[in-house]
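# Fold and contact review
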Amino acid sequence: MEFADLIKTPKLDGVFLHTNATNATVEGTLCITGHHLLLSARQENTQELWLLHKNIDCVEKKPSMGQNIVMGGIITLKCKDLRIISLEIKYAKDFFNVAASLEALSAIQNVELEYPFFYRPMYSILEDGFTMFRPELEFAHLISGMSMGGASSPNVANITICTPSTSSVGIGISSIPHPLQNGFALDAATALVGSCSGSFVSACEWRISHVNNDFGVCATYGATLIVPKAISDEQIALSAAFRDGGRFPLLSYRHENGAILMRSAQPLSIQGIKRCRADEAILNLVLGRSKKGFIVDTWGKGKSNTETDLHYSQWKKVNRAIGNVSSPASILDSFAKLIEACNDIGCSTDKWLSRLESSGWLSLVLNSLNASCVVAQCLDQEGSPVLVHGAKGLDSTLIVTSLVQIILNPDCRTVRGLQALIEREWIQAGHPFASRHRYSCYTPHQMRNKSSGATFVLFLDCIFQLFTQFPCSFEFSTQLLILLFEHSYFSQYGTFLCNSERERHELQVHTRTTSLWSYLNRPDVLQTLLNPLYEPNASVIWPSVAPISLELWSELYLRWVIDQRNLATTMTQINELITREKELRTQAFKLRKQAVELSQEVAAQLHDVENA
């Protein structure tokens, strides 16, 4: 298929552009390319439109009639970035041609025809984002880095990852080479943990496995997996067969006290199969010396299968559903109701508040934070391991395990830490971005696939809630969250393409496209995403989960409805104040230094006078 076959009118003059972001109307020339819709008035200081076809969620046509004849019409484009754009076209043929072209181009199913495979950056790549967060390096940092913080809790096993080494002392994370062998190991006693602990790690409890190298054990997990060293690849395969989609319990995070967080899918409901000893062995290994662990179900009591008390006697079951949802599509339904309410600027205050409540979106946010706090408390205060699952383990599970790490781990509140977290817990963990984000909130309910969802949006909203409660504890600003929201739906980068690592491997995404992280980590771009109020905070941040603590994310949901220029002006003023404060601090430091030097000179002169 050629793009030209779908573009019936590539260029059209005299098109009027209306948007919900401004009351202004722009007349210009409309151009349709294989990936973009462009409209320009060809005048300075006038609005222009550059729109990826992938951004179009819904195309609505309203023909203009005259004497029962179509004279032209208005094409309304409802976009995944929440914009609503109207194109007014004078003539019927052009009206139908443009509408048909946009409907066809925005509905292309072939991933290889999407823009990331055609985009070539005009800047040099300073870092390859596709290799920045390799699983073996990330989890080595996660485990070894955390163990540097101090002694482990006496209730848990002292666990470290098996990593290769070329030196018996002073090994750093950056010196770990890419593994070429399956299950390579190093006697961790030879690896110096760090000056903080002043001791050597006594055992090597984790290893890298390539049992899923062909994605045969689990289609949604990556090829490189971190598993307990005492568990064989055969046991992993058996555990995978016991779990929905093959998603067996996998390491997600190790807290600084040694407590382990794992995630998985729910057990399969197979008649005659009540247990899996290999699965039990994995969970019992991470217990260490703990007397109990917790299995947290995020999907809802009675909606998902869970482990039997008889065979998981040391594991306490805890139900923390994020909401009354039966599928990921239910989360998208809630999001659609929220945006519908946000776009209705004509309703009364009481009605608007009622619609906001009936959407159920803020309840999903509240329940997600509540479940995450429960898991974080089990890890931090109980020192107990936790397994989180819910249905297939692709949605609510990932929200909770990710938020737990942001609450507990200060590194996840930095720009790179958040990027690593999203790579680890969403992209490499197999969240099906292509299926979930195929449709967004403007596509009518009956036209969406059941696999559509807004899980990642819910996760970003939860981070926003944490940010509002701890505005000085995050290195990044909310602008980064908005960028992640947009690029997860439509992008020139390949980071969020496909449903799994398997699909990305088959399409060679890592070599044929550019990574979003490569762009965001450029110094000039990174500077625009930093939080000027940031003060590194190594403490755990415990958010309030009271309903009154929640805020509507107006910066995202209302940005095309309410003028955001005042917010931008305020942020500029804050940046100027912070810059001025830094300058004054530097000046004060120099003056103190000069005062000390002058004081020393005076003292020396007085000493000389006394001696004379």
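Look a little higher up for the structure.
The present account deals with the structure reproduced in this document. This is a predicted model, so every value here is computed, not measured. (Residues numbered from 1 in each chain as written. Predicted model: local features only at pLDDT ≥ 70, side-chain atom pairs only at ≥ 80, totals over all residues. Heavy atoms only, no water.)

## Comments concerning a nonpolar patch on the surface
There is a patch of nonpolar side chains on the surface, built from Leu268, Ile270 and Ile273 and spanning about 220 Å² of accessible area. Following the sequence through the fold, Ile270 ends up in the loop between β11 (260-264) and α5 (277-287). (Patch = residues over 30% accessible without salt bridge, like charges linked within 9 Å, V, L, I, M, F, W, Y side chains within 5 Å. Areas by Shrake-Rupley, 256 points an atom, 1.4 Å probe, with all protein chains shown as cover. Salt bridge = Lys/Arg side-chain N within 4 Å of Asp/Glu carboxyl O. Helix = DSSP H or I, 4+ residues; strand = E, 2+ residues; numbered from the N terminus.)

## Concerning the packing of aromatic side chains
Following the criterion strictly, the structure yields 21 aromatic pairs and no others. An angle of 50 degrees between the planes, with centres 5.8 Å apart, marks the rings of Phe467 and Phe474 as tilted. Both residues of the pair, Phe467 and Phe474, belong to the buried class. Geometry around Trp560 places Arg83 over its ring, the cationic atom sitting 5.1 Å from the centre. (Phe/Tyr/Trp six-rings, centres within 6.5 Å; stacked < 30°, edge-to-face > 60°. Buried < 20%, exposed > 50% of the residue type's maximum accessible area, 1.4 Å probe, protein only. Lys NZ or Arg CZ within 6 Å of the ring centre and 35° of its normal.)

## Observations regarding the pattern of salt bridges
Two side chains with opposite charge may pair up if their charged atoms get near one another. With the rule as written, the count across this model stands at 26 salt bridges. Ionic pairing is found between Asp395 and Arg436, a salt bridge with its closest N-O pair at 2.7 Å. Of this pair, Asp395 sits in the loop between β14 (386-389) and α9 (396-408) while Arg436 sits in helix α11 (residues 433-436), and the two are 41 residues apart along the sequence. Arg502 is the salt-bridge partner of Glu506, the closest N and O atoms lying 3.5 Å from each other. Of the two residues, Glu506 and Arg502 are both situated in helix α14 (residues 501-506); the distance of four residues between them amounts to about one turn of the helix. Arg502 gets classed as partly exposed once you look at its relative accessible area, which sits at 33%. Look at the salt bridges and you will find they share partners, linking Arg243, Asp279 and Glu307 into a network.

## Notes on the packing of helix α6 (residues 328-343) against helix α7 (residues 349-359)
Axis separation between α6 and α7 bottoms out at 8 Å; the angle between their running directions is 165 degrees. Comparing their axes, α7 and α6 come out roughly antiparallel. Note on packing geometry: the crossing formed by α6 with α7 is left-handed. Contacts between α6 and α7 involve Ser334, Lys337, Leu338, Glu340, Ala341 and Cys342 from the former and Trp352, Arg355, Leu356, Ser358 and Ser359 from the latter. Its residues assigned to classes, the contact of α6 with α7 shows five nonpolar, three polar and three charged. (Axes fitted to C-alpha atoms, helices over the stretch in contact; angles between N-to-C directions. Parallel < 35°, antiparallel > 145°, perpendicular 65-115°, else oblique. Left-handed = near helix turned anticlockwise from the far one by under 90°. Contact = heavy atoms within 4.5 Å. Nonpolar A, V, L, I, M, F, W, Y, C, P; charged D, E, K, R; others polar.)

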